Amino acid sequence: MSDLIKDINLVGEQVDEKSVSCEVKVTENTANEGQRKLYIESYGCQMNFSDSEIVASVMQKNNFGTTSNVEEADLVFLNTCSIREKAEQTVRQRLRVFNRVKKSKPGMIIGVLGCMAERLKTQLLEEEKMVDIVAGPDSYRDLPKLVGDVDEGDKGVNVFLSRDETYADIAPVRLNSNGISAMISIMRGCDNMCSFCVVPFTRGRERSRDPHSIVKEAQELFDQGYKEVTLLGQNVDSYKWSDEENNKARLEKKELKEEDIEIVSFAQLLEMVAGVSPELRIRFSTSHPKDITDDVLYTMKKHENICNFIHLPVQSGNSRVLDIMNRTYDREWYINRIDKIREVFGNDCGISSDMIAGFCTETEEEHQDTLSLMEYVKFDYSYMFFYSERPGTLAEKKFEDDIPLDVKKRRLQEIVTLQRQHSAERNALNVGEVQKVLIDGYSKRSKEHFQGRNSHNKVVVFPKGNAKLGEYAIVKIHDCTGGTLLGEIID
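Residues numbered from 1 in each chain as written. Predicted model: local features only at pLDDT ≥ 70, side-chain atom pairs only at ≥ 80, totals over all residues. Heavy atoms only, no water.

A. Seen up close, the overall build of the protein chain. Across its full length, the protein chain holds 15 helices and 22 strands. The C-alpha radius of gyration of the protein chain comes to 23 Å, within 12% of the 23 Å expected for a compact globule of 491 residues. In terms of overall dimensions, the protein chain has C-alpha extents of about 65 × 55 × 55 Å along its principal axes. Put simply, the protein chain has 491 residues, and 56% of those count as buried. Put simply, of all contacts in the protein chain between residues at least 6 apart along the chain, 72% involve residues at least 24 apart. Accessible surface, the protein chain: about 20600 Å² in total, of which carbon and sulfur atoms supply 48%. Where the 66 positive side-chain charges of the protein chain centre and where its 82 negative ones centre are 3 Å apart. (Helix = DSSP H or I, 4+ residues; strand = E, 2+ residues; numbered from the N terminus. Rg over C-alpha atoms; globule rule 2.2 N^0.38 Å. Buried < 20%, exposed > 50% of the residue type's maximum accessible area, 1.4 Å probe, protein only. Contact = heavy atoms within 4.5 Å. Areas by Shrake-Rupley, 256 points an atom, 1.4 Å probe, with all protein chains shown as cover. Lys, Arg positive; Asp, Glu negative; His and termini not counted. Charge placed at Lys NZ, Arg CZ, Asp CG, Glu CD.)

B. Structural detail: the sheet that holds strand E19 (residues 449-453). Strands sit in the order E18-E19-E20-E22-E21 around a closed barrel of five strands; the barrel is mixed. Ignoring strand direction, the axes of neighbouring strands in this sheet form an average angle of 55°. Where strand E18 (residues 434-442) and strand E21 (residues 472-480) come together, five bridges link them in antiparallel fashion. Looking at the pairing, Gln435 lines up with Val475 of E21. (Pairing = 2+ DSSP bridges. Axes fitted to C-alpha atoms, helices over the stretch in contact; angles between N-to-C directions.)

C. Region of the structure containing the pairing of strand E11 (residues 228-232). Among the five residues in E11, five count as buried, and that is most of the element. A two-sided burial pattern is seen for E11, the buried positions comprising Glu228, Thr230 and Leu232 on one face and Val229 and Leu231 on the other. With five bridges connecting them, strand E8 (residues 181-185) and E11 associate as parallel partners. Bridged to Ser185 within E11 is Leu232. Relative to strand E14 (residues 281-285), E11 runs parallel, the two being bridged by five bridges.

D. Region of the structure containing the environment of Asp402. Among the secondary structure elements, Asp402 is positioned in the loop between helix H14 (394-398) and helix H15 (405-428). When its relative accessible area of 33% is taken as the criterion, Asp402 is described as partly exposed. Contact partners of Asp402, with chain neighbours within four places excluded, come to Cys360 and Thr361. Of the polar contacts made by the side chain of Asp402, one reaches the backbone nitrogen of Thr361; its length is 2.8 Å. (Polar contact = N/O pair within 3.5 Å; in protein donor to acceptor, adjacent residues only side chain to side chain.)

E. Up close: the packing of helix H2 (residues 46-60) against helix H5 (residues 143-151). Relative orientation of the contacting elements H2 and H5 amounts to 65°, with a least axis distance of 9 Å. Across the interface between the two elements, Val55, Val58 and Met59 from H2 touch Leu143, Pro144 and Val147 from H5. Considering only residue class, the contact of H2 with H5 consists of six nonpolar, no polar and no charged. (Nonpolar A, V, L, I, M, F, W, Y, C, P; charged D, E, K, R; others polar.)

F. Structural view of the nonpolar core. By size, the foremost hydrophobic cluster in this structure holds 68 residues, and its most contacted members are Ile186, Leu231, Phe266 and Phe284. Filtering out sequence-adjacent residues up to four positions away, Ile186 remains in contact with Arg207, Ser208, Arg209, Ile214, Leu231, Leu232, Val236, Tyr239, Phe266 and Leu269. Counting residues in each nonpolar core, the second largest holds 25 residues, with Cys81, Met108, Val112 and Leu120 among its members. (Core = buried A, V, L, I, M, F, W, Y, C linked by side-chain atoms within 4.5 Å.)

G. Region of the structure containing H5. The set of residues buried in H5 consists of Leu143, Leu146, Val147 and Val150. Along the axis of H5, the buried residues cluster in a sector spanning 100°; they form a single face. One or two positions beyond H5, positive phi appears at Gly153, with a value near 100°. (Arc of directions from axis to C-beta.)

Structure, rendered in structure tokens:
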């Protein structure tokens, strides 16, 4: 497993620990005697990990239990990520490994799920013959049938994208769970069409999930002992639901009014989930600068159990570059949103971001605009990359990837260096403060220390004393590093 993690470390593209976005998770051992064994290896973002929990639930109902050992699996799924070229290379490497295992276990079925499925289905199924099943993000209900097709000697393929599927009625099987924090998918797909991004083509159009099913899932998690949920969506601020329509753009086109039907916005959904219990912490990801509203900020401010943390990707600090990225906002708009966050919360709100160095045609002066925006905002941390052209995106079709690799890497390093400085500055502001921390594990260095996260999504490490996992602790911060706060529990 350590070798796999090394494969996924995108050296040169991610040069800061906080910028890791292509994580990997595998299933745990839950299979009972008599069950076929399912192994899922998931890459990429939280949405992919959440999808794997849906897949495990679907297959559990068809007599599959999970395993952490691919060599004993009857069914192997790779839930893939297409956001970086290296991630696709890693998936191919893993498929070769799985096919070597399959030679000694001919009955094993291998499938690729998720974002790579539609684009690479022909190569993986027919040309390279590396897989038996290819299933897109909206076809997971169909997986038992696809497995049956393979059992009968055929290939299993379903990559159709849906305008309605949200899996609202499927209770996810919590994989890699600590029993403390869980993810709740509130919407699927994306309508934004950023020129560098493959998501609209791999995950389809935007759909919002029934809010009542979301609240029900949050309540069930709290009743099971979970203390924190993260509401997930490609763009949570676009969440808008009604009984008649679950797509924001189509809902607004129909000009349906709240007095005529029930319409739930993201701010209203936050209010509903926060009402489950004041002891259930609420986080959400990801926000989009064009859509985050004052109502969301005021709802966060109103409820102590909604964490004061916003992931607000900027991508570039230059308006021309933002325009060709099709981000639909400019530098001034982004600064306006930052100013509003600071107006509502002061310094009591963590803000993180995504940044791309060396996008097509970016000049040195435009790169400096990104650095100056960073100086203005002072993000708590960021996910930082140099631009990597992805097949099928609007940028690939419209623009030349014309920035030399050495220039991209140098610009990225300048961004990373400045972000490290800002992270240290922001953490130093917390020294001397008393914070409420949800304990979610042990320190990586010592079993005598716990770690948890504060409202700003920062890791806090402290001697465990008499505290217990899954509890809240009141911690006074006495020191910090660039990535961690250090403290002591106080009564």
